[in-house]
Structures are given as C-alpha cells and as structure tokens.
Amino acid sequence: RAWGIIPEDEAEGGITSSIRLGLMYDSRNVENNPTKGIWAEAHIIAAPKWLGTTHANYKYCATFRHYVPVVKDKLTFAYRLGYQGTIGNSSPWYSLPFSTTMGVKADNDGFGGYRTVRGLMLNRVQGLDVGYFNAEFRYRFIDFTLAKQNIAFALSAFCDGAHVFRGYDMTLRPELTATAAQIDLYDKFVFDRNDGFHGAAGAGLRFIMNQNFIVAFEYGLPVSRFSSNPVIKNQDGKGAFYINTGYLF
C-alpha cells in the first residue's frame, strides 16, 4: 500500500457479488472414479457494480479434463488443463486468489494447494491471467470383495504446474522515496514479476469402496526445491502431504 502497488481505494478490500454463465460437457463413464471420457467447461464471471460489487471486475475460465484408458480398468492416464483470465487490464488485488469451476466444487482458493496445483503453497501463483495443468497415471492394482462391498487400492504418479501469463502490476510509484532496505525488500518480493513456471511432482495412494467412497493420501514436492538459489528454492514451499477424499479431478 505504501509503495502504491495496492491502490488506496482497494486497500481495505471490498464486496464482490457476481453472476456466472457457462457450458459444460461431460462424458465420463464413472463420475467419481473415471477411466475414460471427457469433462470440459467454460464460463464467464461478471461482477458489475450494479450487483453491489465494490470494484467491478470480469473474468473468464476454461477447463478441459481427459481420461485415457491405457489398460482397461487397471491403468488410466488423466490430465487437466485450466486457464483463468481477466477481461480488461485490471482486477482488485483481493479477487486474485480465487479460481472457479462449475459443478459441486464450484469455488476454490487460488492456484496451489490440493485442489489446483499439488505440492505448491496455497495461493502461490497469482496474476490477471493464469494457466495450470495436472497430469497423472492412475494404477488400480488390487480389487476384491469384502462384506459384499467392492474394495480397491490404487497408486498414482503425478506432475502439476502453473504459469502466470499476465501478472498483476507491481510497478513502484515514481514519486515514492524508499530507503535501500525497502528497495531490497521490494526486490525480494517481486524478483519473479516476470514469473516463470511453477511445478511439482509426487505420488499417492487411494482406498476405493464401491467407486463412490475414495480416501486419498498424496505427497507433492515443488521442483524449485532442487534449485541452488536459496530464494527460488523456497519460493513454492517445501512440499505438502494431503489426506483428502476423491480424485483431484
């Protein structure tokens, strides 16, 4: 705020009230544990002032998910491609950490964390236009029946990543006078304003009962951890272990 990066009229935050309109196509064979099919969607989000929004903003989002059977009912290759962009040249800073998809899991925190890019710090990748991907192999290695329930265990190996294609304006106001220490701090904060790729890889184990109840255990490690630069080494976090339900997508 003192540097002018966050505008004064946005510094205290605000209210966002929006409407969303889109289309979805879904040909998955099983909703919770698909082995083939496509799940794609695209929508726009409008938050005009006449809806009660403090700072009007408009976004668009597209997501494509594909499930490819490699070995029938045993090995599946699944990937997801997503892109969220801003219509216009600005968006209030407090709306950047949100990504949206249609369906029952409609609103998530931004890129990073379990629901978007595993292994990265939650909300680590932010910008006006952001793209991301997830790619994984899912290997169902055990199937059996216990107490009339269909039980299975599956392993997965994944690689996730994200990239800011259009960043938030981090330019210092020219009229500001800053000390050397402040400038050094600023440089550390925005050294990646021409941001590069943020990636992670990992593996997981899942317990599956009757195709509908799935418990997941996954660990993801950012590729930045292998950098010799101490700033880059820690920029995406130190990795994360997740216990959750279902598949990521």
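It should be emphasised that the depicted structure is a prediction, and the values quoted were computed from it without experimental measurement.

Draft legend 1. Representation of the overall build of the protein chain in the model. Check the secondary structure of the protein chain and you find 2 helices and 11 strands. Moving toward the C terminus, one meets the helices and strands of the protein chain in the order β-β-β-β-β-β-β-β-α-β-β-α-β. Projected onto the principal axes, the alpha-carbon positions of the protein chain cover approximately 70 × 50 × 25 Å. Here the protein chain holds 249 residues, and 41% of them are scored as buried. Look at the contacts in the protein chain between residues 6 or more apart in sequence, and 63% of them connect residues 24 or more apart.

Draft legend 2. Fine view of the nonpolar core. Counting 9 residues, the largest nonpolar core consists of Phe111, Val117, Leu120, Val125, Val130, Tyr132, Ala162, Val164 and Ala200. Put simply, the parts of the chain that give this core at least two residues each are strand S7 (129-146) and strand S8 (149-166).

Draft legend 3. Region of interest: empty space enclosed by the protein. Enumeration over the complete set of coordinates arrives at 2 cavities of 30 Å³ or more. Of the volumes computed, that of the largest cavity is approximately 80 Å³. Taken together, Asn33, Pro34, Thr35, Asp73, Lys74, Leu75, Thr76, Arg138, Tyr139, Arg140, Ala154 and Tyr247 make up the full set of residues lining the largest cavity. It is S7 that contributes the most residues to the lining of the largest cavity, 3 residues altogether. Within the lining of the largest cavity, the residues separate by chemical class into 5 nonpolar, 3 polar and 4 charged. Taken together, Lys59, Gln84, Thr86, Ser95, Leu96, Phe98, Phe111, Gln126, Gly127, Leu128 and Val130 make up the full set of residues lining the second largest cavity. Of the residues assigned to the lining of the second largest cavity, the class counts are 5 nonpolar, 5 polar and 1 charged.

Draft legend 4. Layout of unusual backbone geometry. Its identity as a non-glycine residue notwithstanding, Asp73 has a phi of 65°, on the positive side. In this structure, Asp73 sits in the loop between strand S3 (57-71) and strand S4 (75-86). The partly exposed category is assigned to Asp73, whose relative accessible area is 47%. The phi angle at Asn210 is positive, at roughly 55°, despite the residue not being glycine. Along the chain, Asn210 turns up in the loop between strand S9 (197-209) and strand S10 (213-222).

Draft legend 5. Focus on the environment of Asn150. Structurally, the position occupied by Asn150 is in strand S8. Between the C-alpha atom of Asn150 and that of Phe197, which follows or precedes it by 47 residues, the distance is 41 Å.

Draft legend 6. Geometry of the pairing of S9. Sheet topology places S8 next to S9; 13 bridges connect them, and they run antiparallel. Among the inter-strand pairings, Phe153 is bridged to a residue of S9, identified as Phe207. Note: S9 against S10, 10 bridges, orientation antiparallel. Paired with Met209 across the bridge in S10 is Phe213. Joining the antiparallel neighbours S9 and S10 is a turn of 3 residues, in which Asn210 adopts a positive phi near 55°.

Draft legend 7. A look at the pattern of salt bridges. Following the criterion strictly, the structure yields 11 salt bridges and no others. Put simply, Arg28 and Asp26 hold a salt bridge, and the shortest N to O gap is 2.6 Å. A residue is classified by how much of its surface remains accessible, and Arg28, at 16% relative accessible area, is buried. The residue Asp143 makes a salt bridge to Lys74 at a minimum N-O spacing of 3.7 Å. In this pair, Asp143 sits in strand S7 while Lys74 sits in the loop between S3 and S4, placing the two residues 69 residues apart along the sequence. One network of salt bridges, with partners in common, ties together Arg118, Glu136, Arg138, Asp160, Arg206 and Glu218.

Draft legend 8. Layout of the sheet that holds S3. With antiparallel pairing, the 9 strands of this open sheet are ordered in space as S1-S2-S3-S4-S7-S8-S9-S10-S11. At either end of the open sheet lies a strand with only one pairing partner, and these are strand S1 (19-26) and strand S11 (240-245). Here the strands of the sheet are splayed against their neighbours by 15° on average, with no regard to which way each runs. By the bridge criterion, 12 bridges tie S3 to S4 in an arrangement that is antiparallel. Each bridged residue has a counterpart across the sheet, and for Arg65 the counterpart in S4 is Arg80.

Cut-off values and rules
Residues numbered from 1 in each chain as written. Predicted model: local features only at pLDDT ≥ 70, side-chain atom pairs only at ≥ 80, totals over all residues. Heavy atoms only, no water. Helix = DSSP H or I, 4+ residues; strand = E, 2+ residues; numbered from the N terminus. Buried < 20%, exposed > 50% of the residue type's maximum accessible area, 1.4 Å probe, protein only. Contact = heavy atoms within 4.5 Å. Core = buried A, V, L, I, M, F, W, Y, C linked by side-chain atoms within 4.5 Å. 1 Å grid on protein atoms, 1.4 Å probe; cavity = no way out; pocket = protein on both sides within 12 Å on 5 of 7 lines; lining within 4 Å. Points joined across faces, edges and corners; volume = space filled by probe spheres on them. Nonpolar A, V, L, I, M, F, W, Y, C, P; charged D, E, K, R; others polar. Pairing = 2+ DSSP bridges. Salt bridge = Lys/Arg side-chain N within 4 Å of Asp/Glu carboxyl O. Axes fitted to C-alpha atoms, helices over the stretch in contact; angles between N-to-C directions.

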